[in-house]
Amino acid sequence: HPDRLWFWEKAVYLDENQHAWLPIIMEIQRNGGLQVLMRQGDAPLGEGVCPSQAPPSPLPLLWQLYPEGQYRCSDSSYWRIVYHVKFNNTEDMLLELLP
């Protein structure tokens, strides 16, 4: 799992190795929970956006890996890693917002 994911620009996060991660699908669950599928892949990178200029989003600006397969975020939320797979050079990681 990436140690950190930083918001870079609209719909692009960068990990500590400068790999781009794209939020592909966001889904609101029946219980009100939120899931997001992050896909690691090539993306043309523009200039990074200052956090104060980031567009409104239900996703945090920073994800930091914590023990037990969770990320703690810049907004103090916790997200659970549901799964993280690599297939044909594509990595997918499904994250779920914890209550």
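Predicted model, so just to flag it, every value in this text is computed and none were measured. (Residues numbered from 1 in each chain as written. Predicted model: local features only at pLDDT ≥ 70, side-chain atom pairs only at ≥ 80, totals over all residues. Heavy atoms only, no water.)

1. A closer look at the overall build of the protein
Next, step 1: Tallying secondary structure elements over the protein gives 0 helices and 8 strands in all.
Next, step 2: Across the protein, helices and strands are ordered from the amino to the carboxyl terminus as β-β-β-β-β-β-β-β.
Next, step 3: The C-alpha atoms of the protein give 13 Å as radius of gyration, which agrees with the globular expectation for 99 residues (13 Å, within 12%).
Next, step 4: Taken over the C-alpha atoms alone, the protein extends approximately 35 × 35 × 25 Å along its principal axes.
Next, step 5: Buried positions account for 33% of the 99 residues belonging to the protein.
Next, step 6: Contacts spanning at least 24 positions in sequence make up 40% of the contacts within the protein whose residues lie at least 6 apart.
Next, step 7: Of the charged side chains in the protein, 7 are positive and 12 negative; the average position of the first set lies 6 Å away from that of the second. (Helix = DSSP H or I, 4+ residues; strand = E, 2+ residues; numbered from the N terminus. Rg over C-alpha atoms; globule rule 2.2 N^0.38 Å. Buried < 20%, exposed > 50% of the residue type's maximum accessible area, 1.4 Å probe, protein only. Contact = heavy atoms within 4.5 Å. Lys, Arg positive; Asp, Glu negative; His and termini not counted. Charge placed at Lys NZ, Arg CZ, Asp CG, Glu CD.)

2. Overview of the layout of surface pockets
Next, step 1: Of the pockets and cavities examined, the largest pocket occupies roughly 170 Å³.
Next, step 2: Tallied by class, the residues present in the lining of the largest pocket amount to 10 nonpolar, 1 polar and 1 charged. (1 Å grid on protein atoms, 1.4 Å probe; cavity = no way out; pocket = protein on both sides within 12 Å on 5 of 7 lines; lining within 4 Å. Points joined across faces, edges and corners; volume = space filled by probe spheres on them. Nonpolar A, V, L, I, M, F, W, Y, C, P; charged D, E, K, R; others polar.)

3. Regarding the sheet that holds strand E8 (residues 90–97)
Next, step 1: Spatially, E1-E2-E3-E4-E8-E7-E6-E5 is the arrangement adopted by the 8 strands of the closed barrel, whose pairing is antiparallel. With direction set aside, neighbouring strand axes in the sheet form an average angle of 30°.
Next, step 2: With 7 bridges joining them, strand E3 (residues 20–28) and strand E4 (residues 34–40) adopt antiparallel strand pairing. Each residue of the ladder has a partner; that of Leu 22, found in E4, is Arg 39. (Pairing = 2+ DSSP bridges. Axes fitted to C-alpha atoms, helices over the stretch in contact; angles between N-to-C directions.)

4. Points about the side chain of Gln 35
Next, step 1: Positionally, Gln 35 belongs in strand E4.
Next, step 2: On the basis of relative accessible area, Gln 35 is assigned to the buried category, the value being 15%.
Next, step 3: Here the side chain of Gln 35 touches Glu 96 through a polar contact of 3.2 Å, side chain to side chain. (Polar contact = N/O pair within 3.5 Å; in protein donor to acceptor, adjacent residues only side chain to side chain.)

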